[in-house]
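Below, each chain spelled out in residue letters.
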Amino acid sequence: MNQLSADQRVSIVRCLVDGCSMRATSRITGVARNTIDKLLVELGSACLDYQDRTLRKLPCKRIQVDECWAFCYAKAKNVTPEIKEKNPFAGDAWTWAAIDADTKLIPCWIIGPRDGVTARIFVNDLADRLTDRIQLTSDGLNAYLLAVEKAFRGDVDYAMLVKVYGAVNDGEKRYSPAQCLGAEKHAIVGCPDPAHVSTSYIERANLTMRMGMRRFTRLTNAFSKKIENHSAAVALHMMHYNFSRIHMTLKVIPAMAAGVTNKLWEIEDIIALLDQADSN
């Protein structure tokens, strides 16, 4: 990335975190798309490493978890054995993420299939980052049951929010989500407070991901072609969300609200992680 000036790097990263596609970023900045790809992968890796080291010993009290769907190379129904041999990661790419309901910090995430193995890795990582007993809320995915039991060993107040859906009554049915008829709260472990059994914050964070990364937009050709680029884009988004984007309700960035940092990070500060990675 030595051929890029500091201003060019800032312009590229600003476009990417504001939801521009790779080709749109190339047109806006005048930088070749392959160069942008390389910067994204390197910076995403640096952001992932920094947050993995920094987001530890968190005093969170209420955590919500959920999974956000996307796909890499092709949708799962279109992945043939030939495609799978060429691209082992083709198909569904779910982003499992957690959010602190109080500070809006996203302490951890993982990209993988929507299965029990990924659930256990994700929940174990979450448990390792916390210092206190928490109240945890998930959706009704059964994979969480064993994952939470193994990770917290009963030292958690855990509830599931199970939504009840019905068919779309009228209008466009192919692209319309099913109608939510209601939600049931189920206490699983401990004594979760019913007033705080909710997944609203993590679902809003999922919407922020879809708005902030072009590759998460539905019904476009901007989807990820490589899992490395997909993972890097998510890591960069989380870095910008946690450390650079002022939350409209809190009036500070989530990392400041959680006591992780005492300053608002600029885009230049995020890019500086590249130099730190090189020095290490």
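Residues numbered from 1 in each chain as written. Predicted model: local features only at pLDDT ≥ 70, side-chain atom pairs only at ≥ 80, totals over all residues. Heavy atoms only, no water.

Caption draft 1: Local environment of helix α2 (residues 22-29). Every buried residue belonging to α2 is among Met22, Ala24, Thr25, Ser26 and Thr29, and all of these are buried. Looking at the packing, one finds that the buried side of α2 touches α1 (6-17) and α3 (33-54). Phi turns positive one or two residues past the end of α2, at glycine 30, with a value near 75°. (Buried < 20%, exposed > 50% of the residue type's maximum accessible area, 1.4 Å probe, protein only. Helix = DSSP H or I, 4+ residues; strand = E, 2+ residues; numbered from the N terminus. Contact = heavy atoms within 4.5 Å.)

Caption draft 2: Structural view of the pattern of salt bridges. According to the stated counting rule, one finds 14 salt bridges in the structure shown. A salt bridge links glutamate 67 to arginine 114, with the shortest nitrogen-to-oxygen separation between them at 2.9 Å. Of this pair, glutamate 67 sits in strand β1 (residues 62-68) while arginine 114 sits in the loop between β5 (109-112) and α5 (116-128), placing them 47 residues apart in sequence. Residue glutamate 67 is classed as buried on the basis of its relative accessible area, which comes to 7%. Here glutamate 203 and lysine 163 are joined by a salt bridge, their closest N and O atoms 2.7 Å apart. Pair noted here: glutamate 203 is in helix α7 (residues 200-212) and lysine 163 is in strand β7 (residues 157-166), with a separation of 40 residues, a long-range link. The network of salt bridges with shared partners includes Asp52, Arg56, Asp125 and Arg129. (Salt bridge = Lys/Arg side-chain N within 4 Å of Asp/Glu carboxyl O.)

Caption draft 3: Quick look at a nonpolar patch on the surface. On the surface, a nonpolar cluster with roughly 230 Å² of combined accessible area is contributed by Ile246, Met256 and Leu264. Considering the arrangement of structural elements, one finds methionine 256 in helix α9 (residues 254-257). (Patch = residues over 30% accessible without salt bridge, like charges linked within 9 Å, V, L, I, M, F, W, Y side chains within 5 Å. Areas by Shrake-Rupley, 256 points an atom, 1.4 Å probe, with all protein chains shown as cover.)

Caption draft 4: Structural detail: unusual backbone geometry. If you check the backbone angles, tyrosine 73 has positive phi at about 75° while not being a glycine. With respect to the secondary-structure elements, tyrosine 73 resides in the loop between β2 (71-72) and α4 (81-86). The backbone phi angle of lysine 251 is positive, close to 70°, even though this residue is not glycine. Inspection of the secondary structure puts lysine 251 in the loop between α8 (227-243) and α9. The class of lysine 251 is exposed, set by a relative accessible area of 61%.

Caption draft 5: Here's a closer look at the packing of aromatic side chains. For the structure on display, the rule yields seven aromatic pairs. With a centroid separation of 5.8 Å and an interplanar angle of 70°, the aromatic rings of tyrosine 50 and phenylalanine 243 are classed as edge-to-face. Highlighted residues: tyrosine 50 in helix α3 and phenylalanine 243 in helix α8, separated in sequence by 193 residues. As far as burial versus exposure is concerned, tyrosine 50 and phenylalanine 243 are alike and both buried. Aromatic pair tyrosine 50 and tryptophan 265: ring centres 5.2 Å apart, planes at 55°, arrangement tilted. One end of the pair, tyrosine 50, is in helix α3; the other, tryptophan 265, is in the loop between α9 and α10 (267-279), with 215 residues separating them in the sequence. Here tyrosine 50 and tryptophan 265 have matching classes, each one buried. Taken together, the ring pairs connect Tyr50, Phe243 and Trp265 into an aromatic cluster. One cation-aromatic arrangement involves lysine 104 over tyrosine 201; the distance from NZ or CZ to the ring centre is 4.4 Å. (Phe/Tyr/Trp six-rings, centres within 6.5 Å; stacked < 30°, edge-to-face > 60°. Lys NZ or Arg CZ within 6 Å of the ring centre and 35° of its normal.)

Caption draft 6: Structural detail: the nonpolar core. Of all hydrophobic cores here, the largest spans 72 residues; its most connected members are Phe122, Leu136, Tyr144, Phe152 and Leu236. Residue contributions to this core peak at nine residues, all from α8. (Core = buried A, V, L, I, M, F, W, Y, C linked by side-chain atoms within 4.5 Å.)

Caption draft 7: Molecular detail of the state of the cysteines. Under the definition given, this model contains zero disulfides. With no disulfide of its own, cysteine 15 lies closest to cysteine 20 among cysteine sulfurs, the gap being 4.5 Å. Looking at cysteine 15, the relative accessible area reads 12%, which means it is buried. Counting only cysteine sulfurs, cysteine 108 is the nearest neighbor of cysteine 60, a cysteine outside any disulfide, at a range of 9.4 Å. Given the relative accessible area of 2%, cysteine 60 is considered buried. (Disulfide = S-S within 2.5 Å.)

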